[in-house]
Amino acid sequence: MSSVVVIGAGHAAIQLAASLRQGRFEGPITLIADAAGLPYQRPPLSKAYLAGHMDEPALALRPASFYAAQSVGLVENDPAVAIDRTGRSVITALGARHGYDHLVLATGAANRALPVPGAELPGVVGLRSLAEARALKAILGGLRRVVVIGAGFIGLEFAAVAAERGIAVTVIEAAPRPLMRGVSVDMSAHLAGAHRGWGTRLLTETGVRAITGSGRAEGVELSTGEIVPADLVLVAIGVVPNVQIAEQADLAVGNGIVVDAMLATDDPMISAIGDCAAFPMAGQPGPIRLESVQNASDQARCLADRLLGKPAAYAKLPWFWSDQGALKLQIAGLSGGHDRTVLRGDPASGAFSVFCYRDDRLLAVESLNRAPDHMAARRFLAAGASVTPAQAADPMFDLRTVN
Amino acid sequence: MPKVTFIEHNGTAHTVEAANGDSLMRAAVDNNVPGIDGDCGGECACATCHVYVEAAWWDKVGGRTETEETMLSFAAATKDNSRLCCQITMSDALDGIVVHTPDGQH
Ligand SMILES: Cc1cc2nc3c(=O)[nH]c(=O)nc-3n(C[C@H](O)[C@H](O)[C@H](O)COP(=O)(O)OP(=O)(O)OC[C@H]3O[C@@H](n4cnc5c(N)ncnc54)[C@H](O)[C@@H]3O)c2cc1C
Ligand code: FES
């Protein structure tokens, strides 16, 4: 019976194990985790968990009973340090050797470090792991002023939670607008307005020279020379894929571990899925890498099917969500390269969608507090269907009729 | 603990325990029951936890919420007895409930 070893135990790894067992895979499955404890969901860390609306047990991706009942081995607190491709085994920090017939790299990504003086001071934190979120949650109540560096999804989600707690928040962004890579100008402008409305000071086209403070972070020195005082500095300037172990094993690595349409690396016995994988997608100029639960879960399902003898190229529609305060943003498709947007609904009402087109071809739909638009868009974009700009803008046009 | 039975499209039945207060979706995912994805984690925002409730239990599970009604309109192959099972909360009154999963959730 063939065995599957997975490096990492995040969203992608757990879904892979669950899908393999649902498909009656009977060989051993071993997940190698660098942390202790039950594998958990990350999205709530900057949302419901941090805001106190969700407790720690509810974060678990699966209960402890799942691993025993499904016979999924979980190696905790013992990171994989090397892959022996000829011997088909993975070596861990503690020196254990796990032999595999198929190896899956689901190593995720790590926070990008801030390359300025003072970045190593206590009080400068990141938000990716449960340990980081737990520490942040424990001190949140005592904070008066925080600076968030980076107006990406995680930075803005944290800013919304902090502002709601009455903390004075300053968000510093180097780009001309928040979520520059993630959303259209229209959506970005609306979200910027919302954060400012909650009292957050949002500075764009602003750099960071240094974190100031003696012994701990006390402020952030901006490119303008201003020093913004802070009890805490959250660095949220994006992530870098965890590719080291693949690189050392001489697998192809670019902006992520390079895989083909079947999610296989250049070694047919090794695949990569989730945040760490750079994969081809129709309509994209080169390999892309996505950071979303959808991408991790759907790639895991696709790979499970292949390991179960039903190979198919990965071709799922990307979708994403982000909650900022009472705002629920949902995105279907990839908007990169759009040259025209059409609004559906009135932004002033707080519920609207932005349809992003390139040459009259619909690339993506961004919905704010309009889940039905998102659901419809996911369905018709996945089916390869589209709506015209005129239909998109017409409130009487029923998106459910498109297919 | 109260029990719930999920019957797959192909007829395979899975009877699992569900803690009072947990949703049926949670019970299915925790026990790796095939046919329930629960992609949104129970926020009533994905419609990948669609089930058909057996007639004997329909009145006991309560009605659909407005959001659920909207979400269900995007699910495939809905019927009069369709529900999103992240919106059904387990209780002693539902001990023994039987629901069927559709052919697919996507
Ligand atoms: C705060 C936060 C909020 C988010 N919000 C959203 C959201 O709203 N919507 C959304 O779609 N996505 C969101 N994301 C992104 C989403 O969580 C990721 O895309 C998803 O976790 C990717 O899953 P993965 O399995 O690829 O990687 P991960 O979940 O990161 O898991 C990879 C695991 O592998 C471990 N690992 C790495 N190297 C080794 C090694 N050598 N040995 C052993 N273990 C190793 C890592 O430590 C990690 O635990 C959020 C992420 C964060 C951090
Ligand atoms: S789990 Fe998403 S709607 Fe029920």
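About the criteria used
Residues numbered from 1 in each chain as written. Chains lettered and ligands numbered in written order. Predicted model: local features only at pLDDT ≥ 70, side-chain atom pairs only at ≥ 80, totals over all residues. Heavy atoms only, no water. Helix = DSSP H or I, 4+ residues; strand = E, 2+ residues; numbered from the N terminus. Buried < 20%, exposed > 50% of the residue type's maximum accessible area, 1.4 Å probe, protein only. Polar contact = N/O pair within 3.5 Å; in protein donor to acceptor, adjacent residues only side chain to side chain. Contact = heavy atoms within 4.5 Å. Near = heavy atom within 4 Å. Areas by Shrake-Rupley, 256 points an atom, 1.4 Å probe, with all protein chains shown as cover. Nonpolar A, V, L, I, M, F, W, Y, C, P; charged D, E, K, R; others polar. Expected span 1.5 Å × (residues − 1). Domains from an automatic or database assignment. Buried area = accessible area lost by both parts, 1.4 Å probe. Salt bridge = Lys/Arg side-chain N within 4 Å of Asp/Glu carboxyl O. Core = buried A, V, L, I, M, F, W, Y, C linked by side-chain atoms within 4.5 Å. Arc of directions from axis to C-beta.

A. Layout of the side chain of Arg344 of chain A. All names here are of chain A. Position of Arg344 among the secondary structure elements: in strand E24 (residues 340-344). Taking relative accessible area as the criterion, Arg344 reaches 5% and is therefore assigned buried. Separated by 3.4 Å, the side chain of Arg344 and the backbone oxygen of Gln391 make a polar contact. Only 3.0 Å separates the side chain of Arg344 from the backbone oxygen of Ala392, close enough to count as a polar contact. In this structure, Arg344 is in contact with Phe352, Ser353, Phe355, Arg370, Asp373, Gln391, Ala392, Asp394, Pro395, Phe397 and Leu399, ignoring residues within four places of it in sequence.

B. How the structure looks around the site of ligand 1. Residues and elements named next belong to chain A. Contacts to ligand 1 come from 30 residues, most closely from Ala12, Asp34, Lys47, Arg128 and Asp275. Ala80 has a polar backbone atom sitting 3.0 Å from a nitrogen atom of ligand 1. Note that an oxygen atom of ligand 1 is positioned 2.7 Å from one of the side-chain N or O atoms of Asp275. Expressed as a share of its isolated accessible area of 1000 Å², the protein-covered part of ligand 1 is 92%. Here the shell around ligand 1 is built from residues that sort into 15 nonpolar, nine polar and six charged.

C. A look at helix H5 (residues 153-164) of chain A. Residues and elements named next belong to chain A. Spanning 12 residues, H5 covers 17 Å between terminal C-alpha atoms, matching the ideal 16 Å at 1.5 Å per step. Extensive coverage of H5 is indicated by the burial of 10 of its 12 residues. The complete set of buried residues in H5 reads Phe153, Gly155, Leu156, Glu157, Phe158, Ala159, Ala160, Val161, Ala162 and Ala163. Where H5 terminates, the next one or two residues include Gly166, which has phi positive at roughly 85°.

D. Region of interest: the domain arrangement of chain A. All names here are of chain A. According to the domain assignment, chain A contains domain 1 (4-110 + 239-307), domain 2 (124-235) and domain 3 (326-401). Centre-to-centre separation of domain 1 and domain 2, based on C-alpha positions: 30 Å. Taken together, the contacts link 16 residues of domain 1 with 14 residues of domain 2. A buried area of about 1400 Å², summed over both sides, lies between domain 1 and domain 2, and 58% of it is on carbon and sulfur atoms. The largest contributions to the domain 1 side of the interface with domain 2 come from Ser46, Tyr49 and Leu50, which together make up 41% of the buried area. Between the two partners, domain 1 and domain 2, sit three salt bridges.

E. Broad picture of the nonpolar core. One finds Leu16, Leu31, Ile83, Leu103, Leu105 and Ile273 of chain A to be the most contacted residues of the largest nonpolar core, which totals 53 residues. Residue contributions to this core peak at seven residues, all from helix H1 (residues 11-22) of chain A. Every residue in contact with Ile273 of chain A, bar those within four places of it in the chain, is listed here: Ala12, Leu16, Val104, Leu105, Ala106, Leu263, Gln299, Ala300 and Leu303 of chain A. Formed by 50 residues, the second largest nonpolar core is a distinct cluster that contains Leu362 and Val402 of chain A together with Cys49 and Phe74 of chain B.

F. Seen up close, the interface of chain A and chain B. On the side of chain B, 21 residues touch chain A, which itself brings 23 residues to the contact. The junction of chain A with chain B conceals about 1700 Å² of combined surface from both sides, 48% of it contributed by carbon and sulfur atoms. Among the residues chain A hides against chain B, the three largest losses belong to Gln22, Arg301 and Met375 of chain A. Together they make up 30% of the total. Linking chain A with chain B are two salt bridges. For the interface between chain A and chain B, the tally reads eight residue pairs in polar contact (both at pLDDT 80 or more). Of all elements in the fold, only H1, strand E23 (327-333) and helix H9 (371-382) of chain A reach the threshold of two or more residues within the side of chain A that touches chain B. Of all the elements, H9 of chain A adds the most residues to the side of chain A that touches chain B, at six residues.

G. Looking closely at helix H6 (residues 185-197) of chain A. Residue and element names in this part refer to chain A. Along its 13 residues, H6 runs 18 Å from first to last C-alpha, staying within 8% of the 18 Å computed at 1.5 Å per residue. Inspection of H6 places Met187, Ser188, Leu191, Ala192, Ala194 and His195 among the buried residues, and these make up the whole buried set. The buried residues of H6 occupy an angular sector of 160° when the element is viewed end-on, so they sit on one face. With respect to the buried face of H6, the exposed residues turned more than 90 degrees away are Val185 and Gly197.

H. Main features of the environment of Gly325 of chain A. Residues and elements named next belong to chain A. Within the secondary structure, Gly325 sits in the loop between strand E22 (319-324) and E23. As for Gly325 and Leu156, which are separated by 169 residues in sequence, their C-alpha atoms are 9.5 Å apart. The residues contacting Gly325, other than those within four sequence positions of it, are Ala160 and Trp198.

I. View of the environment of Lys47 of chain A. Residues and elements named next belong to chain A. Its location among the elements puts Lys47 in the loop between strand E2 (29-32) and helix H2 (48-51). For Lys47, a relative accessible area of 12% puts it in the buried group. On a C-alpha basis, the gap between Lys47 and Ala160 in space is 8.7 Å, while along the polypeptide they are 113 residues apart. If sequence neighbours within four positions are ignored, Lys47 has contacts with Glu157, Val161, Trp321, Ser322 and Asp323. Within the structure, Lys47 has its side chain in polar contact with the backbone oxygen of Pro43 (distance 3.1 Å).

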